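Now for the letters of each chain:
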Amino acid sequence: MSFFDLLCKYKNFDYDAFFAQVTSEAIHRAITKNRLNEMDYLTLLAPAAEKHLEELAQRAHSLTIQHFGRVIFLYTPLYLANYCINQCVYCGFQAHNKLARKKLTPTEVEQEAKIISSTGLKHILILTGESRYHSSVSYICACVEVLKKYFTSISIEIYPLEEEEYTRLVAAGVDGFTMYQEVYDEEIYAELHPAGPKRNYHYRLNAPERACRAGIRTANVGALLGLNQWRIEAFCTGLHAEYLQRTFPDVEISISPPRMRPQLGGFMPPTEVTDKNLIQYMLAFRLYMPRGGITISTRERPQLRDRLIRLGTTKMSAGSCTAVGGRSDSESTGQFEISDERSVIEMAKMLYSQGYQPVYKDWQMV
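Residues numbered from 1 in each chain as written. Predicted model: local features only at pLDDT ≥ 70, side-chain atom pairs only at ≥ 80, totals over all residues. Heavy atoms only, no water.

S.K.: Help me understand the overall build of the protein chain, please; the structure alone is not making it clear to me.
M.R.: A count of helices and strands for the protein chain gives 15 helices and nine strands. In summary, the protein chain has a C-alpha radius of gyration of 20 Å against a globular reference of 21 Å for 366 residues, a match within 12%. Its C-alpha atoms give the protein chain principal-axis dimensions of about 60 × 45 × 40 Å. A fraction of 76% describes how many contacts in the protein chain between residues 6 or more apart in sequence connect residues 24 or more apart. Accessible surface for the protein chain amounts to roughly 15200 Å². Of this, 51% is attributable to carbon and sulfur atoms. Considering the protein chain, the positive charge centre built from 41 side chains and the negative charge centre built from 41 side chains are found 4 Å apart. (Helix = DSSP H or I, 4+ residues; strand = E, 2+ residues; numbered from the N terminus. Rg over C-alpha atoms; globule rule 2.2 N^0.38 Å. Contact = heavy atoms within 4.5 Å. Areas by Shrake-Rupley, 256 points an atom, 1.4 Å probe, with all protein chains shown as cover. Lys, Arg positive; Asp, Glu negative; His and termini not counted. Charge placed at Lys NZ, Arg CZ, Asp CG, Glu CD.)

S.K.: Just to check I follow, could you spell out the nonpolar core for this structure?
M.R.: Nonpolar side chains tend toward joint burial in soluble globular proteins. Tyr41, Leu44, Tyr90, Ile126, Tyr166, Leu169 and Phe177 are the most contacted members of the largest nonpolar core, which totals 124 residues. In this structure, Leu169 is in contact with Val137, Ile140, Cys141, Ile156, Ile158, Leu161 and Val174, ignoring residues within four places of it in sequence. (Core = buried A, V, L, I, M, F, W, Y, C linked by side-chain atoms within 4.5 Å. Buried < 20%, exposed > 50% of the residue type's maximum accessible area, 1.4 Å probe, protein only.)

S.K.: Just to check I follow, could you spell out empty space enclosed by the protein for this structure?
M.R.: To find leftover empty space, one rolls a probe the size of a water molecule over the atoms. One pass over the structure, following the stated rule, counts one cavity of 30 Å³ or more. Here the largest cavity is characterised by a volume of approximately 50 Å³. Together, Tyr180, Ser256, Pro257, Pro258, Thr295, Ile296, Ser297, Arg299 and Glu300 line the largest cavity. (1 Å grid on protein atoms, 1.4 Å probe; cavity = no way out; pocket = protein on both sides within 12 Å on 5 of 7 lines; lining within 4 Å. Points joined across faces, edges and corners; volume = space filled by probe spheres on them.)

S.K.: Whenever I open this one, the packing of aromatic side chains confuses me. Can you help?
M.R.: To describe a pair of aromatic rings, you give the distance between the ring centres and the angle between the ring planes. Applying the stated criterion to the full structure yields 13 aromatic pairs. Between Phe18 and Phe19 the ring centres are 6.1 Å apart and the planes differ by 70 degrees, which places this aromatic pair in the edge-to-face class. In this structure, Arg210 packs its charged tip against the face of Tyr203, placed 4.0 Å from the ring centre. Its guanidinium or amino end placed over the ring of Tyr75, Lys315 lies 4.9 Å from that ring's centre, counting from NZ or CZ. (Phe/Tyr/Trp six-rings, centres within 6.5 Å; stacked < 30°, edge-to-face > 60°. Lys NZ or Arg CZ within 6 Å of the ring centre and 35° of its normal.)

S.K.: Sorry, what's going on with the pairing of strand 6 (residues 252-256) here?
M.R.: Successive residues of a regular strand alternate their side chains across the two faces of the sheet. For strand 6, the buried fraction is high: four of the five residues fall into the buried class. Pairing of strand 5 (residues 218-223) with strand 6 involves five bridges; the strand directions are parallel. What sits directly across from Asn220, in strand 6, is Ser254. In terms of handedness, the path from strand 5 via helix 12 (residues 230-247) over to strand 6 forms a crossover that is right-handed. Two elements, strand 6 and strand 7 (residues 293-296), share two bridges in a ladder whose sense is parallel. Each residue of the ladder has a partner; that of Ile255, found in strand 7, is Ile294. (Pairing = 2+ DSSP bridges. Right-handed = clockwise from strand over helix to strand, strands pointing away.)

S.K.: How should the pattern of salt bridges be read in this particular structure?
M.R.: For side chains of opposite charge, pairing can occur when their charged atoms come near one another. Under the counting rule described, the total for this entry stands at 20 salt bridges. We note a salt bridge from Arg217 to Asp175, for which the minimum N-O separation is 2.8 Å. One end of the pair, Arg217, is in the loop between helix 11 (207-213) and strand 5; the other, Asp175, is in the loop between helix 8 (163-172) and strand 4 (176-182), with 42 residues separating them in the sequence. Here the two residues Arg217 and Asp175 agree in accessibility, since each one is buried. Among the ionic pairs, Arg342 bridges to Asp340, the shortest N-O distance being 2.7 Å. On the basis of relative accessibility, which here comes to 15%, the residue Arg342 falls in the buried class. (Salt bridge = Lys/Arg side-chain N within 4 Å of Asp/Glu carboxyl O.)

S.K.: I keep staring at unusual backbone geometry and nothing clicks. Help me out?
M.R.: In most cases, non-glycine residues show a negative phi, while peptide bonds are predominantly trans. We note that Glu182 has phi near 75 degrees; this positive angle belongs to a residue other than glycine. Within the secondary structure layout, Glu182 lies in strand 4. In this structure Glu182 comes out as buried when scored by relative accessible area, which is 8%.

Structure representation (structure tokens):
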């Protein structure tokens, strides 16, 4: 059985009818339960649950403190290349967009690594566009060899791989994995990915399972909010995370709830996801998966990120840059505009002011 088999149960599910029958009593029962099932989680995502956000927030905060303490794990992304052969209509790096394409050399990777490591961060997320030719597994392994000199944990957010390729990266020193399905609705997915290897919905959907079987230590999944009804995508993301945690109990599982940001190409998301919507999603997921991680990136503005710390967040990016070599080359074009431009030092000060401890390192590669 794969996650797709579980997802098929909800292919023709009438979400609107379910949400229409959700009562305040059902919401209260879900909030007070020790262990939520799938329908409890969906109940907390219902429009009616918006009236219970304070009660949800108190429960979510208590669970987060219980399982994670008052700490926020900090990391930053490093873009190795922006060559891409996909035509994802919402992405600044897609093949048809006119921008300067770039791929870092080992020397340039080291330059970026020195700049990042000087901030104190020891965990890094490396990203590439989806081009096997320009960003081969061998190239990524070579970059990991450079980065291991500066960082204790290296995660990847790249194109989907075969299981043996993930095994090769794990052997090279990669311990974390992130992949956004972008949108779990298969028909909408096909519309948003008209050409390129990323059009293969099932290959991407099954990638987290291949990575977990290959021995990855942490796995992070999510949907890009704004491409479809957020409640449905939040539900499917939660199901995916819970399935992975149940199937691979030794892997640390987390989610990201990224919202669309302005990017080269000017794609406008078809649905709006408000701050209240994002908060409800986070709170509902925390109650559904008390030990699941929640990553909030610099897509969100500083004021909101500060508020989200007490609502279930466990991991945040800091000192971010979405351009290839953007820390040493100010002319590079980013994948999307970031909203929170605070440095690592500024983020740490903010966390301390709220009574939280910034964590720069919680893992050491052998």
